[in-house]
Amino acid sequence: MADLGLGTAGLGNVFGEVDDEAAAEVVAAAASAGVRYFDTAPYYGFGLAERRLGRALAGRPAGSFTVSTKVGRTLTDGGCFFDFSADAVRRGIEGSLDRLGLDRVDIAYLHDPDDHEEQAASEAWPELRRLRDEGVVSAIGVGMNQWEMPARFVERLDVDVVLLAGRYTLLDRSGARLLDRCAERGVAVVLGGVFNSGLLIDPRPGAWFDYAPAAADLVARARRMREVAASAGYDLAACALAFAAAHPAVTSVLVGVTSAAQVRENLDAFHREVPHDLLHQLISC
């Protein structure tokens, strides 16, 4: 049974300004409501999301939460650049632990190695394995917006978990083959981007799909889905979450929020049971 996790890109001001107090309220609201998994990355606000998450979790009992972060994007005074060398991976984890205020992290993902597949596999991955062997991280994996490279990693490497964003949703099911393979091999899957940048929350002209303005045909399709869901008495967002959580490989579904109210809205939607027949109708739209 999949659970709901919190993505913290918004706490790094990736999608707009969020102050420290609001960020703390988001994490507190999630933890108080039973959310136990928090995903972050150095790239989110150049370390800001990690620092805010660490402060918000400070004092909570060890073992009461799971944190994942990412490696492969090195922070410098001039910005952030890709580096999947072994040294960069180790320094990246050390920096993340310092910002999070933790002595270990539960999951470390390779972060978007789209143009660096060979270095990620031959240099970064062995270092992640060493960190796992040392107990610095508990599980290792890859997090991407495409499904093809993670599928190759699952075949080639001893992957514990895959974070897939946007490729297994009501609108885009291209990642189904990867999820099926993960289920066969016992690899956990965390799904992000299940609303496709908000199109599956508010399908209106001008809405975005995967970080860019949505094409008219996608908007029209999402609107049809909303109408079908509404006619059955369901909110489209709840249906999107239910679809993502239903695959047997999926252990967590991440949502990104910037307010405590959004935390509660997503939890309410996630816990609503949606009939399988309705989900089948929606994917046929």
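Everything discussed here concerns the structure shown above.
Just so we're clear, the structure is a prediction, and the values are computed from it rather than from any experiment.

Peer 1: Describe the sheet that holds strand 12 (residues 250–256), with residues and values.
Peer 2: The sheet built from 8 strands closes into a barrel, its strands ordered 1-2-3-6-7-8-9-12 with parallel pairing. Direction aside, the axes of adjacent strands within the sheet are offset by 30° on average. The pairing of strand 7 (residues 137–144) with strand 8 (residues 161–165) spans 4 bridges and is classified as parallel. Considered in strand 8, the bridge of G141 is made with V161. The strands that helix 5 (residues 148–156) touches are strand 6 (105–111), strand 7 and strand 8; relative to strand 7, the one it contacts most, it runs at about 145°.

Peer 1: Quick one: what's the story with helix 3 (residues 86–100), residue by residue and with numbers?
Peer 2: The terminal C-alpha atoms of helix 3 lie 21 Å apart, and with 15 residues this matches the ideal 21 Å at 1.5 Å per residue to within 8%. Of the positions making up helix 3, those classed as buried are A88, V89, I93, G95, S96, L97 and L100. G101 occupies a position one or two residues after helix 3 and carries a positive phi of about 70°.

Peer 1: Quick rundown of a nonpolar patch on the surface? Include the residues and the values.
Peer 2: On the surface, V14, F15, W208 and Y211 cluster together into a nonpolar patch covering about 480 Å² of accessible area. Mapping V14 onto the fold places it in the loop between strand 1 (3–7) and helix 1 (20–32). A relative accessible area of 41% means that V14 is categorised as partly exposed.

Peer 1: Lay out helix 2 (residues 48–57) in plain terms, naming residues and giving numbers.
Peer 2: Extensive coverage of helix 2 is indicated by the burial of 7 of its 10 residues. Turning to helix 2, its buried residues are L48, A49, E50, R52, L53, G54 and L57. Of the surrounding elements, those touching the buried residues of helix 2 are helix 1, strand 2 (37–39), strand 3 (66–71) and helix 3. Where helix 2 terminates, the next one or two residues include G59, which has phi positive at roughly 90°.

Peer 1: Now, about the pairing of strand 5 (residues 79–82): what can you tell me, with residues and values included?
Peer 2: In this sheet, strand 5 lies alongside strand 4 (residues 73–76) in antiparallel orientation, the contact comprising 4 bridges. Looking at strand 5, one finds that T76 is bridged to G79. Once strand 4 ends, the chain turns through 2 residues before running back antiparallel as strand 5.

Peer 1: Break down the packing of aromatic side chains for me, citing the residues and quoting the values.
Peer 2: For any pair of aromatic rings, the description rests on two quantities: the centre-to-centre distance and the angle between the ring planes. Overall, the coordinates contain 3 aromatic pairs when judged by the stated rule. Relative to F46, the ring of Y43 has its centre 6.5 Å away and its plane inclined at 75°; by these criteria the two rings are edge-to-face. We classify F46 as partly exposed; its relative accessible area is 48%. Arranged with centres 4.7 Å apart and planes meeting at 20°, the rings of Y168 and F243 form a pair that is stacked. Of this pair, Y168 sits in the loop between strand 8 and helix 6 (176–185) while F243 sits in helix 8 (residues 236–246), placing them 75 residues apart in sequence. A relative accessible area of 10% places Y168 in the buried class. Looking at F243, the relative accessible area reads 8%, which means it is buried. Lying over the aromatic face of Y43, R73 brings its terminal NZ or CZ to 4.0 Å of the ring centre.

Peer 1: Please set out the pattern of salt bridges residue by residue, giving values where relevant.
Peer 2: Applying the stated criterion across every chain, the model contains 22 salt bridges. The salt bridge partner of R185 is E155, with a shortest N-O separation of 3.7 Å. Residue R185 is located in helix 6, and its partner E155 is located in helix 5; the two are separated by 30 residues in the primary sequence. Overall, the relative accessible area of 41% leaves E155 in the partly exposed class. The residue R167 makes a salt bridge to D210 at a minimum N-O spacing of 2.3 Å. Of this pair, R167 sits in the loop between strand 8 and helix 6 while D210 sits in the loop between strand 10 (208–209) and strand 11 (212–213), placing them 43 residues apart in sequence. Residue R167 is classed as buried on the basis of its relative accessible area, which comes to 11%.

Rules behind the numbers
- Residues numbered from 1 in each chain as written.
- Predicted model: local features only at pLDDT ≥ 70, side-chain atom pairs only at ≥ 80, totals over all residues.
- Heavy atoms only, no water.
- Pairing = 2+ DSSP bridges.
- Helix = DSSP H or I, 4+ residues; strand = E, 2+ residues; numbered from the N terminus.
- Axes fitted to C-alpha atoms, helices over the stretch in contact; angles between N-to-C directions.
- Contact = heavy atoms within 4.5 Å.
- Expected span 1.5 Å × (residues − 1).
- Buried < 20%, exposed > 50% of the residue type's maximum accessible area, 1.4 Å probe, protein only.
- Patch = residues over 30% accessible without salt bridge, like charges linked within 9 Å, V, L, I, M, F, W, Y side chains within 5 Å.
- Areas by Shrake-Rupley, 256 points an atom, 1.4 Å probe, with all protein chains shown as cover.
- Salt bridge = Lys/Arg side-chain N within 4 Å of Asp/Glu carboxyl O.
- Phe/Tyr/Trp six-rings, centres within 6.5 Å; stacked < 30°, edge-to-face > 60°.
- Lys NZ or Arg CZ within 6 Å of the ring centre and 35° of its normal.

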